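The primary structure of each chain is shown beneath.
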Amino acid sequence: MTTRLQGYPSPGDGLRLHLNENTGGCSPRVLEAIRRVQPSDVSTYPQYREAVTACARHFNVDPEWVLLTNGLDEGILMAAIGHIARRRLHDAETIIPLPAFDPYPNATEAVGATAVKVRPEPGYRFQTEAVLQAITPRTRMIFLNTPNNPTGQLIPIEDLIHISTAAPHAVVLIDEAYIEFGGTTFLPELARFPNVLVGRTFSKAYGLAGMRVGIVIGQPQALDPVRAVTLPFNINGVALTALLAALEDEDFLPRYAAQVAESRERLYVACRRLGLEYWESAANFVMVRVGETTPFIEALAARKVHVRDRSKDATTPGCIRITTGMLEHTDAAIEALESVMAGRS
Ligand SMILES: Cc1ncc(COP(=O)(O)O)c(C=O)c1O
């Protein structure tokens, strides 16, 4: 398969447990709303006001603190462009605690900054001390991801506060892409931190990955430079319709989060039974150490279960990441894991 086509190659049919999507799909209300879209909704440029106001209400923040982005991916890149490239900072550094989501180093590289990568602690407990020590006058952005992709580990709120306080000259981007599945949001603290941006996404818990809607929330000091470089019509009108309908379905999220929590427990039990090392996760996935990953992943794929290889990252050797979504999907994944392990012994 060529790697030069846009996007990720599709793994083919079977269970998609490799991108931490919502395995149950989106709320039916989203589809109903999309079916009601009118020709003029498509022929005119999108209006953002209603969606921004609804998000501000949902997250209990000032509408002026809200910037909707084309997935949080776009928010990450725009934050780097707004705070580093736009200011023509040539010696800027970003701090990236490892293991990390790829767009952090990619955005750093895109704006010509230097990524200061901070190695993890044993057991992937968050490396707060090492991050604090990495802060210099050149630090312009610090990427903090809680729960972490791929380990599922949380950063304690006190540590987020400590780091944000220690770097008032930098923008701290707290990526809460998976916070709906566990942990406590930083949002109530945001009023005290003009240098912090909180990133959220509707791709995971809300099941809108195909729509591409994310959100960056922050006080004007941190958000305005990001807003200044974000294209005015960055999200399409159908995606905004989907977002509004998703926010209205208040039962959807807790129901899915409960499935995810039970799925994680079932996967832990299976890993213990199979003698596989794993890390308890606050997100909708679990990282598992399987040893040599390629044959393992291929064997799972042959059983129509697709998982993510994390072994190329030196901080997660021999590891795969498995999305834990609807129980029926997790049970199928466990069955495939058991079958692959039986074949190994
Ligand atoms: C940690 C983290 N942040 C941000 C994102 C971006 O999500 P999206 O661009 O779909 O909103 C992801 C997606 O996988 C992620 O894992």
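These remarks concern the structure in this document.

About the criteria used
Residues numbered from 1 in each chain as written. Predicted model: local features only at pLDDT ≥ 70, side-chain atom pairs only at ≥ 80, totals over all residues. Heavy atoms only, no water. Salt bridge = Lys/Arg side-chain N within 4 Å of Asp/Glu carboxyl O. Helix = DSSP H or I, 4+ residues; strand = E, 2+ residues; numbered from the N terminus. Buried < 20%, exposed > 50% of the residue type's maximum accessible area, 1.4 Å probe, protein only. Core = buried A, V, L, I, M, F, W, Y, C linked by side-chain atoms within 4.5 Å. Domains from an automatic or database assignment. Contact = heavy atoms within 4.5 Å. Expected span 1.5 Å × (residues − 1).

## Some remarks on the pattern of salt bridges
Step number 1: Per the counting criterion, the structure on display carries 15 salt bridges.
Step number 2: With its nearest N and O atoms 3.4 Å apart, the salt bridge here joins Asp-13 to Lys-304. Residue Asp-13 is located in the segment before strand 1 (15–17), and its partner Lys-304 is located in the loop between helix 11 (293–302) and strand 11 (305–309); the two are separated by 291 residues in the primary sequence.
Step number 3: Take Asp-13: its relative accessible area is 54%, and that puts it in the exposed class.

## Here we look at the nonpolar core
Step number 1: Among the nonpolar cores identified, the biggest contains 86 residues, and Cys-55, Leu-68, Ile-142, Phe-186, Leu-197 and Phe-202 are the most heavily contacted of them.
Step number 2: Of all the elements, helix 9 (residues 237–248) adds the most residues to this core, at 8 residues.
Step number 3: Among the domains, domain 1 (15–24 + 252–344) and domain 2 (28–248) are the pair contributing at least three residues each to this core.
Step number 4: Those residues in contact with Phe-202 that sit more than four places away from it in its chain are Cys-55, Phe-59, Gly-207, Leu-208, Ala-209, Val-213, Gly-214, Ile-215, Leu-243 and Leu-247.
Step number 5: Grouped together as the second largest cluster of nonpolar side chains are 26 residues, Leu-15, Ala-299, Ile-322 and Ile-334 included.

## Considerations on helix 10 (residues 252–274)
Step number 1: Between its first and last C-alpha atoms helix 10 spans 33 Å; for 23 residues at 1.5 Å apiece the expected length is 33 Å, and the two agree.
Step number 2: Those residues of helix 10 not exposed but buried are Phe-252, Leu-253, Tyr-256, Ala-257, Val-260, Ser-263, Arg-264, Leu-267, Tyr-268, Ala-270, Cys-271 and Leu-274.
Step number 3: The inward-facing, buried residues of helix 10 contact strand 9 (277–279), strand 10 (285–289), strand 12 (319–323) and helix 12 (327–344).
Step number 4: In the stretch just after helix 10, Gly-275 is the one whose phi turns positive, near 70°.

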